[in-house]
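Here are the chains, one letter per residue:
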Amino acid sequence: IRPNSSTFGRYVKVELSEENKQMLYIPVGFAHGFVVLSDEAELLYKASGEYNPQADRGVLWSDPDINIDWNLDVEPLLSEKDKVQPRLKDINKNEVI
C-alpha cells in the first residue's frame, strides 16, 4: 500500500495451517487479509499499537487490479466494512492506510 514501493499493488499468498505450524509477520505499512478454508479456525495476532478507529483503512478484497486468488469456490461471508472498501487505485496517494 506504499505507492512508491516497487511491489505496490502486488501480493504474497501464504497458507497457514495446524499441520505446517507456520506464522506470518506483516510489517507496519502492509495491507493484509485472510480467508478461512476450514469449518473453523483460531486467529491470533499482535498489533504494533492500540486500535485506532479513526486510522482504520482498507482495500476492497476483490480489487481486480490486485487480482488476489482467494481460492474460493463460494461467495465469501464479509463484514459490512469489508464490502465497501475502496479499490487501491481510488485511495488518496498521500493517505496512510
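Our subject is the structure listed above.
All figures in this text were calculated on a predicted structure; none of them were measured in a lab.

Colleague: Please explain the overall build of the protein chain as it appears in this structure.
Modeller: Tallying secondary structure elements over the protein chain gives one helix and zero strands in all. Based on the C-alpha atoms only, the size of the protein chain along its principal axes is roughly 40 × 30 × 30 Å. Taken over 97 residues, the protein chain has a buried fraction of 10%. Contacts in the protein chain between residues at least 24 apart in sequence constitute 65% of all its contacts with a sequence separation of at least 6.

Colleague: Whenever I open this one, the environment of Trp-61 confuses me. Can you help?
Modeller: With respect to the element layout, Trp-61 can be found in the segment before helix H1 (80-83). Here Trp-61 falls in the partly exposed class, since its relative accessible area comes to 23%. Taking C-alpha positions, Trp-61 is 7.7 Å from Gln-85, a pair spaced 24 residues apart along the chain.

Colleague: Help me understand a nonpolar patch on the surface in this model?
Modeller: Together, Val-12, Val-14, Leu-16, Leu-24, Ile-26 and Phe-30 line one region of the surface with nonpolar side chains, adding up to about 540 Å² of accessible area. Along the chain, Val-12 turns up in the segment before H1. The exposure class assigned to Val-12 is exposed, which follows from its relative accessible area of 73%.

Colleague: Could you clarify how one ought to interpret unusual backbone geometry in this entry?
Modeller: Peptide bonds are mostly trans, and most non-glycine residues show a negative phi. With phi around 60°, Asn-67 is a residue other than glycine that occupies positive phi space. Along the chain, Asn-67 falls in the segment before H1. Judged by relative accessible area, which is 56%, Asn-67 ranks as exposed. Of note in this structure, Asn-71 is not a glycine but carries a positive phi near 60°. By the element assignment, Asn-71 lies in the segment before H1.

Colleague: I keep staring at the pattern of salt bridges and nothing clicks. Help me out?
Modeller: Where charged atoms from two side chains of opposite charge approach closely, those side chains can pair. Per the counting criterion, the structure on display carries five salt bridges. We note a salt bridge from Asp-69 to Lys-13, for which the minimum N-O separation is 3.4 Å. Here Asp-69, found in the segment before H1, pairs with Lys-13, found in the segment before H1; they are 56 residues apart in sequence, far enough to count as distant. Residue Lys-81 is joined to Asp-56 by a salt bridge in which the shortest nitrogen-to-oxygen separation is 2.8 Å. Of this pair, Lys-81 sits in helix H1 while Asp-56 is found in the segment before H1, placing the two residues 25 residues apart along the sequence.

Calculation criteria
- Residues numbered from 1 in each chain as written.
- Predicted model: local features only at pLDDT ≥ 70, side-chain atom pairs only at ≥ 80, totals over all residues.
- Heavy atoms only, no water.
- Helix = DSSP H or I, 4+ residues; strand = E, 2+ residues; numbered from the N terminus.
- Buried < 20%, exposed > 50% of the residue type's maximum accessible area, 1.4 Å probe, protein only.
- Contact = heavy atoms within 4.5 Å.
- Patch = residues over 30% accessible without salt bridge, like charges linked within 9 Å, V, L, I, M, F, W, Y side chains within 5 Å.
- Areas by Shrake-Rupley, 256 points an atom, 1.4 Å probe, with all protein chains shown as cover.
- Salt bridge = Lys/Arg side-chain N within 4 Å of Asp/Glu carboxyl O.

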